[in-house]
Amino acid sequence: MLAANGTRLWRRVIVSYPKQIPRYYTSIAAKRQEAYEGGGETKRKAQHDKGKLTVRERLDLLLDTGSFREYDAFVEHQCTDFGMDSKKACTKIASDGMVTGHGTIHGRRVFVYGYDFTVFGGSLSRTNANKILKVMDQAMLVGAPVIGLQDSGGARIQEGVSSLTGYADIFQKNVLASGVVPQLSLIMGPCAGGAVYSPALTDFVFMVRDTSHMFVTGPDVVKAVTNEQVTQEALGGARAHTVKSGVANNAYANDMEALQRMRDLVDYLPLSNREQAPVRPSEDPVDRDDEALDTIVPINSNMAYDMREVIQRVVDRHSFFEISPEYASNILVGFSRLAGQTVGIVANQPLISSGALDIDASVKAARFIRFCDAFNIPLVSFVDVPGFLPGTTQEHGGIIRHGAKLLYAYCEATVPKLTVITRKAYGGAYIVMSSKQLRGDYNVAWPTAEIAVMGAAGAVEIIFRNKAGKEALEAEYKEKFTTPLAAARQGYLDDIIEPRETRARLIEQLDLLKTKSMQNPWKKHGTIPL
């Protein structure tokens, strides 16, 4: 208010509050507490007795302290069939067995949803599906990863087709979000029937040993249809999916470890396809030479060595986060850092099948490469590959089609691609493993590299089938064709480097390629040989 002379007059405003708190204040607080308590103390204890945490305990460990902001805590299901509207049975529980919202991991935004097994066995209702869809929409809108904690008995049977359509909508959203934001799944209990396809559509899947299971049809159905008796663990436990099927990437001993490792994984990833991966401070010197690399490859090319040790000696110390270490172990994939920058590692493993590519290895590496390319993560490949694994099992299983997936993934990728040939690079496998002709940005070899159509012994046997003195001919073939000089002379290698220099060279090239810009021809999508 202004006086006549223009002076501002201040008026004290007294706000009076009612002496008695309105009844609806109390009911709001009671409903919020109901959501926090889930299915009640008895069911929470049952969860703990199984060695499992409740969904809210899991979110507390996954997210930074105090960062979780919940959505839709007051939502209840709308089903009225089969006693679901009974007040005596307490069928209406706030949040309806699904906890959703957002928080931070290492200070970076993520969206989360988690099934609460203490409420209706974590079964999916139409309402729950809508809650999941909301956080996924928000994640794509702002550009942030989505993490799902799976612990569910499946669709809520009382709702019939409505719960099934909820799954369908989630699957559709998974596909739309693919390549836009990272999608991560933690299987922390049962995940059966149609529910398994949402995690299968996400980028990385972690499981908890002994307490998590995934299968399309459970042991009872398997027995009824095939007369085969199998336990839940053997059919769809962590070992089944991280060693045999490859459906899950990594498995951990308990909820706490799985959640911590998920936090570690998120720290390597960009928030969306519009951003770069985070760069973390590194105390590891950029120009660190490692003399052990000069002798790590045996002189005898038939002797194996551990490529994992090569990777760990080149990248920033203690930074290699391996993906699917127990599945298709003849190829290694995972995230690491060079001078603090996230890179995707793809490497043949000579300890397993001599590092030969087979069906499972090709699919494992191809999927990882496509994830890195979608999210702007440079690729570093370490090559020691004698070829594709021969045999009728591989040929009849479709090694041609599955091997083409790996070839397609490398060809399609537009992120920086750096390749180091440590020893063997034979035949078609040499081409497939990010060769210079596949738009490789920096392709180098160690002096121990052998780049040829095949090994000297096999080549001489074919070329000089009926000639004597094959040992001398093998030596001549090696001298002429299998040294890295032959490829370098024709420009197929950018350099031949001392192994100890590998780290410094890769970091130098990554810095140079920061401004790389490449676009593939416009298309609706390619037709990868699935």
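Scoring rules and cut-offs
- Residues numbered from 1 in each chain as written.
- Predicted model: local features only at pLDDT ≥ 70, side-chain atom pairs only at ≥ 80, totals over all residues.
- Heavy atoms only, no water.
- Helix = DSSP H or I, 4+ residues; strand = E, 2+ residues; numbered from the N terminus.
- Buried < 20%, exposed > 50% of the residue type's maximum accessible area, 1.4 Å probe, protein only.
- Contact = heavy atoms within 4.5 Å.
- Areas by Shrake-Rupley, 256 points an atom, 1.4 Å probe, with all protein chains shown as cover.
- Lys, Arg positive; Asp, Glu negative; His and termini not counted.
- Charge placed at Lys NZ, Arg CZ, Asp CG, Glu CD.
- Salt bridge = Lys/Arg side-chain N within 4 Å of Asp/Glu carboxyl O.
- Core = buried A, V, L, I, M, F, W, Y, C linked by side-chain atoms within 4.5 Å.
- Polar contact = N/O pair within 3.5 Å; in protein donor to acceptor, adjacent residues only side chain to side chain.
- Phe/Tyr/Trp six-rings, centres within 6.5 Å; stacked < 30°, edge-to-face > 60°.
- Pairing = 2+ DSSP bridges.
- Axes fitted to C-alpha atoms, helices over the stretch in contact; angles between N-to-C directions.

### Considerations on the overall build of the protein
Secondary structure summary: the protein contains 19 helices and 17 strands in total. Principal axes of the C-alpha set define a box for the protein whose edges measure 105 × 85 × 45 Å. When the 530 residues of the protein are sorted by exposure, 50% land in the buried category. Restricting to contacts in the protein with at least 6 residues of sequence separation, those with at least 24 account for 73%. Total accessible area computed for the protein in this model is approximately 25800 Å², and 55% of it derives from carbon and sulfur atoms. The averaged location of the 59 negative side-chain charges in the protein is 8 Å from the averaged location of its 61 positive side-chain charges.

### Concerning the pattern of salt bridges
Tallied over the full model, the rule gives 31 salt bridges. A salt bridge links Arg370 to Glu412; the shortest N-O distance between them is 3.0 Å. One end of the pair, Arg370, is in helix α12 (residues 359-374); the other, Glu412, is in helix α14 (residues 399-412), with 42 residues separating them in the sequence. By relative accessible area, which is 35% here, Arg370 ends up partly exposed. Its salt-bridge partner being Lys514, residue Asp511 comes within 3.4 Å of it at the nearest N-O pair. With relative accessibility at 60%, the residue Lys514 sits in the exposed group. Each of the salt bridges in this network shares a partner with another, and the network as a whole consists of Asp284, Arg288, Asp290, Glu309, Arg313, Asp316, Arg317 and Arg503.

### Notes on the environment of Gly40
Along the chain, Gly40 falls in the loop between α1 (23-37) and α2 (41-49). Under the relative-accessibility criterion, Gly40 is labelled buried at 19%. Residues Gly40 and Val266, spaced 226 residues apart in sequence, show a C-alpha to C-alpha distance of 32 Å.

### With respect to the nonpolar core
Ranked by internal contacts, the top residues of the largest apolar core, which has 63 residues, are Ile147, Leu265, Phe335 and Val346. Here the element with the most residues in this core is α12; it accounts for seven residues. Among residues more than four places away in sequence, those in contact with Leu265 are Leu184, Phe204, Phe206, Phe321, Ile323 and Phe335. Val135, Tyr167, Phe171 and Val205 belong to the second largest nonpolar core, which has 29 residues in total.

### Digging into the side chain of Asp384
If you trace the backbone, Asp384 turns up in strand β13 (residues 379-385). Among the residues examined, Asp384 registers a relative accessible area of 0% and is labelled buried. At a separation of 2.7 Å, a polar atom in the side chain of Asp384 contacts the side chain of Tyr305. Residues in contact with Asp384, not counting those within four places in the same chain, are Tyr305, Met307, Asn348, Pro350, Ser354, Gly355, Thr422, Arg423 and Lys424.

### With respect to the packing of aromatic side chains
Under the defined criterion, the tally for this structure stands at twelve aromatic pairs. With 5.4 Å between their ring centres and 70 degrees between their planes, Phe206 and Tyr252 make a pair best called edge-to-face. One end of the pair, Phe206, is in strand β7 (residues 204-208); the other, Tyr252, is in strand β9 (residues 250-252), with 46 residues separating them in the sequence. When its relative accessible area of 7% is taken as the criterion, Tyr252 is described as buried. Considering the side-chain rings of Phe206 and Phe321, the 6.3 Å spacing of their centres and the 15 degrees angle between planes classify their relative orientation as stacked. Note that Phe206 is positioned in strand β7 and Phe321 in strand β10 (residues 321-323), a separation of 115 residues in sequence. Each member of the pair, Phe206 together with Phe321, is buried. Three or more aromatic residues link up through ring pairs in this structure, and these residues are Phe204, Phe206, Tyr252, Tyr268, Phe321, Phe335, Phe368, Phe371 and Phe375.

### Things to note about unusual backbone geometry
Across residues other than glycine, the phi torsion is negative in most instances, and most of the peptide bonds are trans. The backbone of Asn227 shows a phi angle near 65 degrees, a positive value even though the residue is not glycine. Positionally, Asn227 belongs in the loop between α7 (219-226) and α8 (232-236). A residue is classified by how much of its surface remains accessible, and Asn227, at 62% relative accessible area, is exposed. Positive phi is not limited to glycine here, since Ser324 has a value of about 50 degrees. Topologically, Ser324 is positioned in the loop between β10 and β11 (331-338).

### Structural notes on the pairing of strand β2 (residues 98-105)
For β2, the tally of buried residues reaches eight of eight residues, placing the bulk of the element in the interior. Taken together, the three bridges between strand β1 (residues 69-71) and β2 define a ladder with antiparallel strand orientation. In the strand pairing of β2, Glu70 is matched with Gly101. Two elements, β2 and strand β3 (residues 108-115), share eight bridges in a ladder whose sense is antiparallel. Across the sheet, the residue bridging to Gly101 is Val112, located in β3.

### Focus on the sheet that holds strand β4 (residues 146-150)
Read across the open sheet, the seven strands follow the order β1-β2-β3-β4-β5-β7-β9; overall the sheet is mixed. Every interior strand has two partners, whereas the edge strands, β1 and β9, have only one. This sheet shows a mean twist of 20 degrees between the axes of neighbouring strands, independent of strand direction.

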